[in-house]
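Observations on the model geometry
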Amino acid sequence: GQMAHQLHIAFPELFSGIGVIAGGPFGCANGSLATAMARCVGKVDDSLSVADLAAEIRAAAADGRVGSVEVLADDPVWLFHGALDTTVAVGVSDALEALYREFVPAGQITYVKDVQAAHNFPASGTGHACDAVQAPFVGDCDFDAAGELLNHLYSDLVTPDAESETALTAVVLPGAAEAGLSETAYLFVPPACSGGAKSCAAHLVMHGCAQSTIQLGTAFIEQSGYLRWAAANDIVLAFPQVVSGPANPLACWDWWGYTGANYRWRDGAQMQVLTDWVQGMSAGED
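Below is a summary of the structure that appears in this document. The structure displayed is predicted, hence computed values, not measured ones.

Parameters at a glance
Residues numbered from 1 in each chain as written. Predicted model: local features only at pLDDT ≥ 70, side-chain atom pairs only at ≥ 80, totals over all residues. Heavy atoms only, no water. Phe/Tyr/Trp six-rings, centres within 6.5 Å; stacked < 30°, edge-to-face > 60°. Helix = DSSP H or I, 4+ residues; strand = E, 2+ residues; numbered from the N terminus. Buried < 20%, exposed > 50% of the residue type's maximum accessible area, 1.4 Å probe, protein only. Lys NZ or Arg CZ within 6 Å of the ring centre and 35° of its normal. Disulfide = S-S within 2.5 Å. Pairing = 2+ DSSP bridges. Right-handed = clockwise from strand over helix to strand, strands pointing away.

**So, the packing of aromatic side chains**
All chains considered together, the criterion is met by eight aromatic pairs. When the ring of Trp78 is compared with that of Phe143, the centres are 6.4 Å apart and the planes differ by 15°; the resulting orientation is stacked. You can see Trp78 sitting in strand β2 (residues 77-80) and its partner Phe143 sitting in the loop between β6 (138-140) and α5 (145-153), a full 65 residues away along the chain. Trp78 gets classed as buried once you look at its relative accessible area, which sits at 2%. According to the relative accessible area criterion, Phe143 is buried, its value standing at 14%. Seen from their ring centres, Trp256 and Tyr258 are 5.2 Å apart, and the 55° between their planes marks the pair as tilted. A connected cluster of aromatic rings, assembled from ring pairs, spans Trp78, Phe80 and Phe143. Between the NZ or CZ atom of Arg65 and the centre of the ring of Trp265, over which it lies, the distance is 4.4 Å.

Shown next, in the form of C-alpha cells:
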C-alpha cells in the first residue's frame, strides 16, 4: 500500500487512480526505519502531522521531485483498513485518507474500515481465516477487495460469472536487480488485449510484505481475486516482485529508504524501474 501511494503521488500523470490496503501517508517514514516503526506501522506518534506531509508534497512538486498535485484532483481513491488489523494501526490509514483529502475531493475517496479482517488482503471464497495473519496473507472475509477496488477505479465493469483463462506470463523486468527487485515479473494479458488487437486498461498490482513470489510462489496473485476481474473486463495486470535481503528481510517495497535517500521521489531506484516498465508497456514494448 505504501509503495502504490508513493507512485501515485510522485507520478500522478501516469497513474490515474489508486487502491491501498493498510497503507500510510507519503513520507511517513521520512527516510528512517526507526521513524517508520515509531509512527507508520503498529502505532502513531505525535510527530505524524498530515499538514506537514502535505506541505512537503507541495514543496516537492514545486521543485520537480514529485508530479503536479493538481493532476491528482480528478483521481478516484479507494482505501481499506481491516477492523482487526493491529499490524498497521488504524490511525496510519486515517492519516492516509486525510492526506488524500488535501488533494482530492472527498466524493472521489472511498475508505472502508468496517470489515472484520486482520492484516491481510480481504477476498471472498479464497484464502485463510479472515482474522488470521499467515501466509499468503489473503483472508476469506466475504469481501472482494479486488473487485471493490477495481470497480471504484474503472467504469462499468462486468461481474465475473465463471472461471476464465487466467494464465500468467513471466517476463524480465529491466533494471530490477539494482533496485532490490526480482528480475522476473508477471503479466496477465487477456486474449482480447494480446497483440494490440484492443486497447485495454492496465493495472499495476503491488504485493504486500512477505507476499512476493520469491516467498510464496504465485499464491497471492492467484488468490487475491484480481485475475478473475481482469479476465472478465479485459484489464491487463502487471505484478512486479521484491526480493528479500539483509536490509529488507520481508521483501517489502521501499517506503523507508533501504535503496537510498531518494526512495520516494521520481528518481528513486524502485520508482524509476516501475515507471519505466509501465511506460514501456504503454508504448507497446516487449
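**Quick word on the state of the cysteines**
Think of a disulfide as a covalent bridge from one cysteine sulfur atom to another cysteine sulfur atom. Tallying each qualifying case throughout the model produces four disulfides. Here Cys130 is linked by a disulfide to Cys141, with a sulfur-sulfur distance of 2.1 Å. Handedness of the Cys130-Cys141 disulfide follows from its S-S torsion of about 100°: it is right-handed. Of this pair, Cys130 sits in the loop between β5 (128-129) and β6 while Cys141 sits in the loop between β6 and α5, and the two are 11 residues apart along the sequence. On the basis of relative accessible area, Cys141 is assigned to the buried category, the value being 12%. Disulfide partner of Cys209: Cys252, at an S-S distance of 2.0 Å.

**Digging into the pairing of strand β3 (residues 109-112)**
Sheet analysis places β2 next to β3, joined by four bridges and oriented parallel. If you follow Leu79 over to β3, its bridge partner there is Tyr111. Once the chain exits β2 it traverses helix α4 (residues 90-101) before rejoining the sheet at β3, and the crossover so formed is right-handed.

**Focus on unusual backbone geometry**
Glycine aside, residues mostly have negative phi, and peptide bonds are mostly found in the trans state. Of note, the amide linkage connecting Ala135 to Pro136 takes the cis form, showing an omega dihedral of 5°. Positionally, Pro136 belongs in the loop between β5 and β6. Positive phi, normally seen in glycine, also occurs at Asn30, with a value near 50°. Inspection of the secondary structure puts Asn30 in the loop between β1 (18-21) and α2 (33-39). Asn30 gets classed as partly exposed once you look at its relative accessible area, which sits at 47%. Positive phi is not limited to glycine here, since Asp234 has a value of about 55°.

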